[in-house]
Amino acid sequence: MTAAKTHRSADEIGRTEAGPRPLPELGSQKVAAELSTVDTTLPNGLRVIAVRRATVPMVEVRLRVPFADPAGTSVGSQHAAVAEILANTVLTGTEKRSRVQIDTELALVGGELDAVVDPERLSFTGNALASGLGTVLEVLADVLTGASYPAEELEREGARLVERITIARSQPSVIAREALQKVLYGDHPYAKEMPEADEVAAVTRDDVVALHAKALLPRGSVLVVVGDVEPADAVAQIGEALAAWQGDGEAVQLPPLPQVSGGDLVLVHRAGAVQSQIRLAAQAIPRTDERYPALQLANLVYGGFFSSRLVENIREDKGYTYSARSHPEFTVHGATLLIDADTASDVTAAALLETRYELARLGLVPPSESEVDTARSYAVGTLLTSTSSQGGLASFLVNLVALGLGLDWLVAHPQRLAAVTPEQVAAAALEFFAPGNFTGVLVGDAELLKPKLAALGGVSFQ
């Protein structure tokens, strides 16, 4: 006897006698505009933005300090090494608290606090229960004004950093990134995202203490708080907690980057490599440019998500790569378009050919209305998803503020995307995605790659 069927399959649920059930229309998509916020500057020069988002009883804290070399020197300086050690040890103790006490106090309010650095900024990221905001701010203030950099912690973290750098520099993606930055920016400090191991080993405690005093300054920095808090109350708490954080001068912004000009790719030899890294770059425009929404959609159509032309070509159709993507990268002074793909050595030249072909085709065979609509839905959806949490909104907002934008830009951006026409996307494709705009690097075994790349052209051999 056959048992009675107690459920329907997904296929059965999705179909009727007349055929597949139609998908419902997408609802109205917009960033929550009802967020209450306060944006002010404290007497010490610190800009503070507090946003109420009471989805969960938590609070997120983001502090961004511009952290370029105060001496203004080039890529060859020790600044990157000292900054890395500072970021790795600033939370290891103060005059009042040991590392264990810092961690314990934060844990008691369900919180944590971390610090990272890159060529542009030193960033503190924290969170806690909303009732624990005062504790997070108290610890942060103590770190900013009284970090003691214990010698044993400096030695321990320095050794760990040397080990991490050594491991990282063996990774193909890191080799490709460093080679690309050198081609694009030469000896500009932005090209040095990671110090050398011997530079880190040479850093002294005096170096770190001096950099903290000279560069970790409130004026020019921004602190963003998002969570289940009243913005005015949060700002008052921040003002009281960080009143002692003072300093002469202003946090140092990275100097403007040189413009990216099109040209041959540089082949970087990696002996014995069975895979190659293709990295292309071109000059783009910042989010403040009125053409940016059209460029954003053009980028998505080209290679910005899984349904893009590039992915369809070199991944789905030809199987040259497992992952390929294009994406903008923003700095305080501008933006670049980046294209990444990793391929097997024997199909590297073919993958590069198809990548360039899709660049040209985007301008000569403009995106259709359907392609633009799909990209638009994806752009709005990912924006809403990435800013739907307190942490996501805090991180997005602190990055926007560094670019001269704010919450109003975020709220209005879905409408800007909705207003973009296929003709505007076609114009952006023609202007920004022309193959001649791009330069870059190709990392792989030169002995295997050179014959086909020489025939293809547009690649220089060191």
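Residues numbered from 1 in each chain as written. Predicted model: local features only at pLDDT ≥ 70, side-chain atom pairs only at ≥ 80, totals over all residues. Heavy atoms only, no water.

- The protein chain appears in an unreviewed UniProt entry as Pitrilysin family protein from Lentzea kristufekii.

### What about the environment of V59?
(1) Moving on: Here V59 lies in strand β5 (residues 58-66).
(2) Moving on: Exposure remark for V59: the relative accessible area of 1% places this residue in the buried category.
(3) Moving on: For the pair V59 and V401, spaced 342 residues apart in the sequence, the C-alpha separation amounts to 19 Å.
(4) Moving on: Those residues within four positions of V59 in sequence are excluded, and the remaining contacts are G126, N127, A128, L129, A130, L133, V225, V226, G227, V229 and Q390. (Helix = DSSP H or I, 4+ residues; strand = E, 2+ residues; numbered from the N terminus. Buried < 20%, exposed > 50% of the residue type's maximum accessible area, 1.4 Å probe, protein only. Contact = heavy atoms within 4.5 Å.)

### Considerations on the layout of surface pockets
(1) Moving on: There is about 750 Å³ of room inside the largest pocket.
(2) Moving on: Taken together, 36 residues make up the lining of the largest pocket; nearest its centre are R287, Y292, P328, F330 and F396.
(3) Moving on: Elements that contribute at least two residues to the lining of the largest pocket include exactly α10 (292-304), β11 (321-331), α13 (369-386), α14 (390-402) and α15 (407-419).
(4) Moving on: Approximately 280 Å³ is the volume found for the second largest pocket.
(5) Moving on: Looking at the second largest pocket, it is lined by 17 residues, and the ones nearest its centre are L91, R99, L113, D114 and A115.
(6) Moving on: Mapped onto the lining of the second largest pocket, the elements with two or more residues apiece are α2 (79-89), α3 (99-108) and β6 (112-117).
(7) Moving on: Looking at the lining of the second largest pocket, the element that brings in the most residues is β6, giving five residues. (1 Å grid on protein atoms, 1.4 Å probe; cavity = no way out; pocket = protein on both sides within 12 Å on 5 of 7 lines; lining within 4 Å. Points joined across faces, edges and corners; volume = space filled by probe spheres on them.)

### Re unusual backbone geometry
(1) Moving on: Non-glycine residue Y149 carries a positive phi angle of around 45°.
(2) Moving on: Inspection of the secondary structure assignment puts Y149 in the loop between α4 (133-146) and α5 (151-168).

### Some details on the UniProt feature "domain: Peptidase M16 C-terminal" (unreviewed entry) in the protein chain
(1) Moving on: Under the UniProt annotation, the feature "domain: Peptidase M16 C-terminal" (unreviewed entry) is placed at residues 203-377.
(2) Moving on: The distance from the first to the last C-alpha atom of residues 203-377 is 49 Å, and the span holds 40% helix and 24% strand. (UniProt positions renumbered as here; feature names shortened; annotations may be inferred.)

### Considering the UniProt feature "domain: Peptidase M16 N-terminal" (unreviewed entry) in the protein chain
(1) Moving on: In the numbering used here, UniProt assigns the "domain: Peptidase M16 N-terminal" (unreviewed entry) feature to residues 82-193.
(2) Moving on: Here residues 82-193 is 57% helix and 13% strand, with 13 Å between the C-alpha atoms at its ends.

### Looking at the environment of S77
(1) Moving on: Its place among the elements puts S77 in the loop between β5 and α2.
(2) Moving on: It is 9.6 Å that separates the C-alpha atoms of S77 and K192, two residues lying 115 residues apart in sequence.
(3) Moving on: Not counting the four nearest positions on each side in its chain, S77 is found in contact with D69, K192 and E199.

### Overview of the pattern of salt bridges
Should the charged atoms of two oppositely charged side chains come close, the side chains can pair.
(1) Moving on: One pass over the structure, following the stated rule, counts 28 salt bridges.
(2) Moving on: For R47, the salt bridge is made with D39, and the minimal N-O distance between the two is 2.6 Å.
(3) Moving on: By relative accessible area, R47 is classed as partly exposed at 28%.
(4) Moving on: Looking at D39, the relative accessible area reads 43%, which means it is partly exposed.
(5) Moving on: Linking E358 and R361 is a salt bridge whose minimum nitrogen-to-oxygen distance equals 3.0 Å. Of this pair, E358 and R361 both sit in helix α12 (residues 348-364), three residues apart, which is roughly one turn of that helix. (Salt bridge = Lys/Arg side-chain N within 4 Å of Asp/Glu carboxyl O.)

### Overview of the packing of aromatic side chains
(1) Moving on: Tallying each qualifying case throughout the model produces four aromatic pairs.
(2) Moving on: Where Y292 meets F330, the ring centres are 5.8 Å apart and the plane angle is 65°; that geometry is what we call edge-to-face. On the criterion of sequence distance, the pair formed by Y292 in helix α10 and F330 in strand β11 is long-range, its members being 38 residues apart.
(3) Moving on: Ring geometry for Y302 against F433: centres 5.7 Å apart, planes inclined by 40°, an arrangement best described as tilted. Linking Y302 in helix α10 with F433 in the loop between α16 (422-432) and β13 (439-444), this pair joins segments that are 131 residues apart in sequence.
(4) Moving on: Classification of Y302 as buried rests on a relative accessible area of 0%.
(5) Moving on: A relative accessible area of 1% places F433 in the buried class.
(6) Moving on: Seen from the ring of F461, K450 lies directly overhead, with NZ or CZ sitting 5.1 Å from the centre. (Phe/Tyr/Trp six-rings, centres within 6.5 Å; stacked < 30°, edge-to-face > 60°. Lys NZ or Arg CZ within 6 Å of the ring centre and 35° of its normal.)

### A word on the nonpolar core
(1) Moving on: Membership of the largest hydrophobic core comes to 65 residues, with the highest contact counts inside it found for L297 and F433.
(2) Moving on: Among the elements that take part in this core, α10 stands out by supplying eight residues, more than any other.
(3) Moving on: With near-sequence residues (within four places) excluded, F433 lies in contact with L295, A298, N299, Y302, L337, L359, A360, L362, A428 and F438.
(4) Moving on: Judged by nonpolar contacts, the second largest core, of 57 residues, contains L46, L63, A168 and V174. (Core = buried A, V, L, I, M, F, W, Y, C linked by side-chain atoms within 4.5 Å.)

### Observations regarding the side chain of T343
(1) Moving on: You can see T343 is positioned in strand β12 (residues 334-344).
(2) Moving on: Here T343 falls in the buried class, since its relative accessible area comes to 1%.
(3) Moving on: A polar contact of 3.0 Å, which involves the side chain of T343, links it to the side chain of T348. (Polar contact = N/O pair within 3.5 Å; in protein donor to acceptor, adjacent residues only side chain to side chain.)

### A look at the environment of S308
(1) Moving on: In this fold, S308 is placed in the loop between α10 and α11 (309-317).
(2) Moving on: Along the backbone, S308 and A298 are 10 residues apart, and their C-alpha atoms lie at a distance of 9.9 Å.
(3) Moving on: The contact partners of S308, leaving out residues within four places of it in the chain, are L300, V301, Y302 and G303.

### Some thoughts on the packing of α10 against α13
(1) Moving on: The contact between α10 and α13 brings their axes to 9 Å, and the two run at 100°. Classified by the angle between their axes, α10 and α13 sit roughly perpendicular to one another. Contacts from Q296, L297, L300, V301 and G304 of α10 reach α13 at E371, V372, A375, R376, Y378 and A379.
(2) Moving on: In the contact of α10 with α13, the residues fall into seven nonpolar, two polar and two charged. (Axes fitted to C-alpha atoms, helices over the stretch in contact; angles between N-to-C directions. Parallel < 35°, antiparallel > 145°, perpendicular 65-115°, else oblique. Nonpolar A, V, L, I, M, F, W, Y, C, P; charged D, E, K, R; others polar.)

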